[in-house]
Amino acid sequence: MGAEEVLRWRLLQQQQSGDKSSGGKNKKSEEGRRGGYENVLEDEEEEDGWSEDETEEEFDHICSLERAAYTTLYLLQQLHSSSADVSSMTTTPKKRATQSDGDDNDGSNNNNNIATNGSNNLPSLSDFSSNDNASLNGVVLEKSRFLAKLAPRIRRLESDTAKCLVSTLEELLVRVRTLMEDDNDANEEGQGGGGGDNTTVYDNNKQQRKSQHDDLLLMIGHCLRGLALLGKGADAESAFARVAIMPIIRSKLSMGKLDEGGSRGECAGLFFLLDGIANTISTMYGSILRSSESMFTNETGNGSKSSSSRMEVDLVTCGVWVPVATALMADPGIKMAIFSPGIANVLQANYSALDTFLSELASSLLLLQSPQEEVTQDEEEKTSIETGNFSHLYYRPTIQADAIERAQARLYAHPTTVEFSKRWNLPIYYQLRFAEFCKRLDKAIEGVCREGWTADVFTGDAKDGKKISDTFGYELPFFFELYDILLSMWKPDVYLRPLTHRFLRGAMQLIGRVLAFVKDGADGKIQFGGTEESEGETDLSETSVTIPAYSWNERVEDVAVVAWELTILETCLTHDYLDYVANTVCPNDKESRQSTHNSSLELEEIRSLASEVLVECSQEFSPLVSNSWYTLIVDRLTKQCCIPLTAVKGVAATYRMTNRPPPTQASPFVASILRPLKEFDTTFSSRTPPQIGDEWKQKIIGAVSSKYSIAVEDLIATVKRTEEALKSRKTRKMMAGGMSDGEKVKLQLLLDYRQYKEDVEELGLESDNIEGLVKLNQLTSEAESLLPK
């Protein structure tokens, strides 16, 4: 009989003796507890092959397999330890000398102690405290030789134990599936009605199946622990995926179910297909997954749970997610339909469905199906005690939120997830979406160039347009369209989280395109209207009104409205639009944050980066708005206000040689000098950007007053020259109220100045700060003595 046979025989003897000694007592106590079972349950147990004796034998067998795994693990550790000891003995003398240098000081004392205290000790396989180096080395070598001879048999024992555990695990998983299918069928039949004895039998059968399920769960735990001890967690994961998960995937995954509810190629049924797979797995194997997750959760030295190292047995990741992902990537038809549909809407819907499935997979598998299950368990415990069934005392893991977070982190960190993510052709999706946005914007620009800023170019939903107008105050349909395009980039049916940087860059590019269009128009490089008909057939379905060509920068109303729209857009970018983007990328609610798999600090950093980008982009608006008001509007209104100043020269002709009475009111043209400014200010006072203020009015009045003062100065000089000429000819002074013609002109200029000053003050400006008005006051102050007292 070889050493391997002797070892196996001894192990079997120890296991059988231990099992009999403990099994006898347990059997008697179990018989006493189960003595109250009803005859119906006993008959059904015998029919289904779940008798008490067979269950106990099966428990003993599976427990012996776990103990065999412990024994194998110990033998393997001893084998590795002996190999390490032999390696340390064969190290070079220099290395051993350096290792013993630290013991030279106490060498004499230690040798004396060993000689006196250890002289009577016998060498053993695990005690290396002997003083005699030769004897010590001999023991180590003898042990290593013995274990070296047993090494093939130990490896064979490891292989056989692992194979037996895997086959047992597969058998138990099949029985769990059969039991759950029978339970579902029984539940459907039980919902059909009935009462009396039928209800009692149904309740008894349900309780029996619950007990059988608890027994199977306990046995599976033994198998998983045994495989984990041998370092064969991957075999357990593979068996679970092959026996438990793949049959569910094969029964639910097909092209027909993928397109269910829509046209072929749209993958309309993908979300419901994935949801059905997750619910089925959770219903049938959720208890196994929860038990495994609780059993093999890693803990660091300080007692905190860690998700960085791989679990010995990870059924959630390798047992569920890996086969699902592999099935989706393996079939060519399904892979093409999901990952490369060629239609932006379909690809976005597919990605969102799978992203939601993956982000909620850990919670859907590890959480209880319904909150009523705990109440049901309490009721079953009372019933179990009455019937003598104590399976409710089995360990039931409680999965907390941190355990689900760790499981979800392992899902995202697995190489299969990385490979799965690479299957998506997301850059192509972004190009398709960005082309749609650019097409809408280009069409809007063409409409504005053809019909002007008031052209109805908004193509979005009417409700969205009204909301944009009421909420933000936009007036021009072109900016309705622009802002609706910017918002649509972040809608749930368009936005994809991995493309956040691309969508943000795309929004900035669209805004830059609009700013360039506005700047070219402000510089007079673009003309509106006056479009020529293209050669060939014209589209009679669209009726367009041709307007004369013009440059919109010459119309102060257009300039003011566009500047106001840009001001609103600038404010929205740094406030409302920023919040909209940030809430999409970094959602505040916990359910939405579950799909981001980012920490709170990372989410805040993302929000900060988006804010910096949008704030930097908004800085390009201020120069355009300032140029519109301080240059375009000021120049146009100044020209309009200066037109009536040509009538200043006519004041002298009014009184020269006409014998008219002295003036009592301002000239009619004075009221029309600032009329364009007043009308414009009344119309756009509520739409003037806050950063502009009243400075633009001061610029206009300053320029107009300066020209007005020059005209008055020239007129007064002309009047003085005329009076000197008349005096030299000794012309008789015409008396009309005691004033000469020159004095009447000066008095009229004074009255005109005072009226003009009142008009300036009505605009909310102080006349003392305007240089032209100060000069007018100086020029007309001489005529104040001519005013009637």
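1. Structural notes on the overall build of the protein
Here comes step 1: Counting secondary structure elements, the protein contains 32 helices and 0 strands.
Here comes step 2: With 789 residues in all, the protein has 42% of them scored as buried.
Here comes step 3: Carbon together with sulfur atoms contributes 50% to the accessible area of the protein, which is approximately 42500 Å² in total.

2. Topic: the packing of aromatic side chains
Here comes step 1: Enumeration according to the criterion identifies 33 aromatic pairs in this entry.
Here comes step 2: When the ring of Trp453 is compared with that of Phe528, the centres are 5.7 Å apart and the planes differ by 70°; the resulting orientation is edge-to-face. Pair noted here: Trp453 is in the loop between helix H18 (426–451) and helix H19 (462–472) and Phe528 is in the loop between helix H21 (500–522) and helix H22 (556–574), with a separation of 75 residues, a long-range link.
Here comes step 3: Relative accessible area serves as the criterion here: at 3%, Trp453 is assigned to the buried category.
Here comes step 4: Residue class for Phe528 comes out buried when judged on its relative accessible area of 0%.
Here comes step 5: Positioned above the aromatic ring of Tyr630 is the side chain of Lys699, whose terminal nitrogen or guanidinium carbon lies 5.9 Å from the ring centre.

3. Comments concerning the packing of H22 against helix H25 (residues 600–618)
Here comes step 1: Direction vectors running N to C along H22 and H25 enclose 165°, while the axes themselves pass 8 Å from each other. Between H22 and H25, the crossing angle belongs to the class labelled roughly antiparallel. The chirality of how H22 crosses H25 is left-handed. Judged by residue contacts, Glu570, Leu573 and Thr574 of H22 engage Leu614, Val615, Cys617 and Ser618 from H25.
Here comes step 2: Considering only residue class, the contact of H22 with H25 consists of 4 nonpolar, 2 polar and 1 charged.

4. Overview of the nonpolar core
Here comes step 1: Counting residues in each nonpolar core, the largest one holds 189 residues, and the members touching the most others are Trp453, Phe478 and Tyr756.
Here comes step 2: If sequence neighbours within four positions are ignored, Phe478 has contacts with Leu441, Ala444, Ile445, Val448, Trp453, Val457, Val514 and Phe517.
Here comes step 3: Ranked by size, the runner-up nonpolar core spans 5 residues in total, among them Leu75, Leu76, Ile154 and Leu157.

5. Examining helix H11 (residues 315–330)
Here comes step 1: Between the first and last C-alpha of H11 there are 21 Å, a value that for 16 residues agrees with the 22 Å anticipated at 1.5 Å per step.
Here comes step 2: Bending of H11 peaks at approximately 30° at the position of Trp321, with proline Pro323 no more than four residues after it.
Here comes step 3: In terms of burial, H11 is largely enclosed, as 14 of its 16 residues are buried.

6. Quick look at the pattern of salt bridges
Here comes step 1: In this structure the tally under the stated criterion is 27 salt bridges.
Here comes step 2: Salt-bridge contacts for Glu170 lead to Arg242; the nearest nitrogen and oxygen are separated by 2.2 Å. Highlighted residues: Glu170 in helix H6 (residues 133–190) and Arg242 in helix H8 (residues 233–252), separated in sequence by 72 residues.
Here comes step 3: Residue Arg242 is classed as partly exposed on the basis of its relative accessible area of 42%.
Here comes step 4: Close ionic contact of Glu451 with Arg450 constitutes a salt bridge, the shortest N to O distance being 3.9 Å.
Here comes step 5: Accessibility expressed as a relative area gives 36% for Glu451, which makes it partly exposed.

7. A few points about the side chain of Ser363
Here comes step 1: Secondary-structure assignment places Ser363 in helix H14 (residues 361–366).
Here comes step 2: Look at Ser363 and you get buried, because its relative accessible area is 15%.
Here comes step 3: Of the polar contacts made by the side chain of Ser363, one reaches the backbone oxygen of Glu360; its length is 3.0 Å.

8. Side note on helix H17 (residues 415–422)
It helps to recall that an α-helix has 3.6 residues per turn; residues three or four apart then point in one direction.
Here comes step 1: Residues of H17 that are buried: Thr416, Thr417 and Phe420. Seen end-on, H17 carries its buried residues on one side only, within an arc spanning 100°. The outward face of H17, more than 90 degrees from its buried face, is lined by the exposed residues Pro415 and Lys422.
Here comes step 2: Packed against the buried residues of H17 are H11, helix H12 (332–339), helix H13 (344–359) and helix H16 (401–413).

9. Topic: the environment of Arg406
Here comes step 1: Tracing the backbone shows Arg406 in helix H16.
Here comes step 2: Residue classification places Arg406 among the buried positions, given a relative accessible area of 10%.
Here comes step 3: It is 9.0 Å that separates the C-alpha atoms of Arg406 and Thr297, two residues lying 109 residues apart in sequence.

10. Things to note about a negative patch on the surface
Here comes step 1: Residues Glu758, Glu761, Glu766 and Asp768 make up a contiguous surface patch of negative charge.
Here comes step 2: With respect to the helices, strands and loops of the structure, Glu761 is situated in helix H31 (residues 741–762).

11. As for the state of the cysteines
Here comes step 1: Under the definition given, this model contains 0 disulfides.
Here comes step 2: Among the cysteines around Cys164, which has no disulfide bond, Cys223 carries the closest sulfur, lying 8.3 Å off.
Here comes step 3: Exposure remark for Cys164: the relative accessible area of 25% places this residue in the partly exposed category.
Here comes step 4: Not part of a disulfide, Cys642 finds its nearest cysteine sulfur in Cys641, a span of 6.9 Å.
Here comes step 5: Under the relative-accessibility criterion, Cys642 is labelled buried at 13%.

12. Some remarks on unusual backbone geometry
Here comes step 1: Non-glycine residue Cys267 carries a positive phi angle of around 55°.
Here comes step 2: Note on placement: Cys267 falls in the loop between helix H9 (255–258) and helix H10 (270–295).

13. Re the packing of H19 against helix H20 (residues 477–488)
Here comes step 1: Axis separation between H19 and H20 bottoms out at 10 Å; the angle between their running directions is 100°. Judged by the inter-axis angle, H19 sits roughly perpendicular to H20. Only Phe480, Tyr483 and Asp484 of H20 make contact with H19, whose side of the interface consists of Asp464, Gly465, Ile468, Ser469 and Phe472.
Here comes step 2: Taken together, the residues that form the contact of H19 with H20 break down as 4 nonpolar, 2 polar and 2 charged.

14. A short note on the confidence of the model for the protein
Here comes step 1: Mean pLDDT over the protein stands at 80; residues scoring 70 or higher make up 76%.
Here comes step 2: For residues 1–11, every residue scores under 50 in pLDDT, and the model assigns this stretch 9 contacts once sequence neighbours within four places are set aside.
Here comes step 3: This model gives residues 299–304 a pLDDT under 50, and the stretch forms 3 contacts once residues within four places in sequence are excluded.

The rules behind each value
- Residues numbered from 1 in each chain as written.
- Predicted model: local features only at pLDDT ≥ 70, side-chain atom pairs only at ≥ 80, totals over all residues.
- Heavy atoms only, no water.
- Helix = DSSP H or I, 4+ residues; strand = E, 2+ residues; numbered from the N terminus.
- Buried < 20%, exposed > 50% of the residue type's maximum accessible area, 1.4 Å probe, protein only.
- Areas by Shrake-Rupley, 256 points an atom, 1.4 Å probe, with all protein chains shown as cover.
- Phe/Tyr/Trp six-rings, centres within 6.5 Å; stacked < 30°, edge-to-face > 60°.
- Lys NZ or Arg CZ within 6 Å of the ring centre and 35° of its normal.
- Axes fitted to C-alpha atoms, helices over the stretch in contact; angles between N-to-C directions.
- Parallel < 35°, antiparallel > 145°, perpendicular 65-115°, else oblique.
- Left-handed = near helix turned anticlockwise from the far one by under 90°.
- Contact = heavy atoms within 4.5 Å.
- Nonpolar A, V, L, I, M, F, W, Y, C, P; charged D, E, K, R; others polar.
- Core = buried A, V, L, I, M, F, W, Y, C linked by side-chain atoms within 4.5 Å.
- Expected span 1.5 Å × (residues − 1).
- Bend = angle between axes of the 7 residues up to and from the residue.
- Salt bridge = Lys/Arg side-chain N within 4 Å of Asp/Glu carboxyl O.
- Polar contact = N/O pair within 3.5 Å; in protein donor to acceptor, adjacent residues only side chain to side chain.
- Arc of directions from axis to C-beta.
- Patch = residues over 30% accessible without salt bridge, like charges linked within 9 Å, V, L, I, M, F, W, Y side chains within 5 Å.
- Lys, Arg positive; Asp, Glu negative; His and termini not counted.
- Charge placed at Lys NZ, Arg CZ, Asp CG, Glu CD.
- Disulfide = S-S within 2.5 Å.
- pLDDT = per-residue confidence, 0-100.

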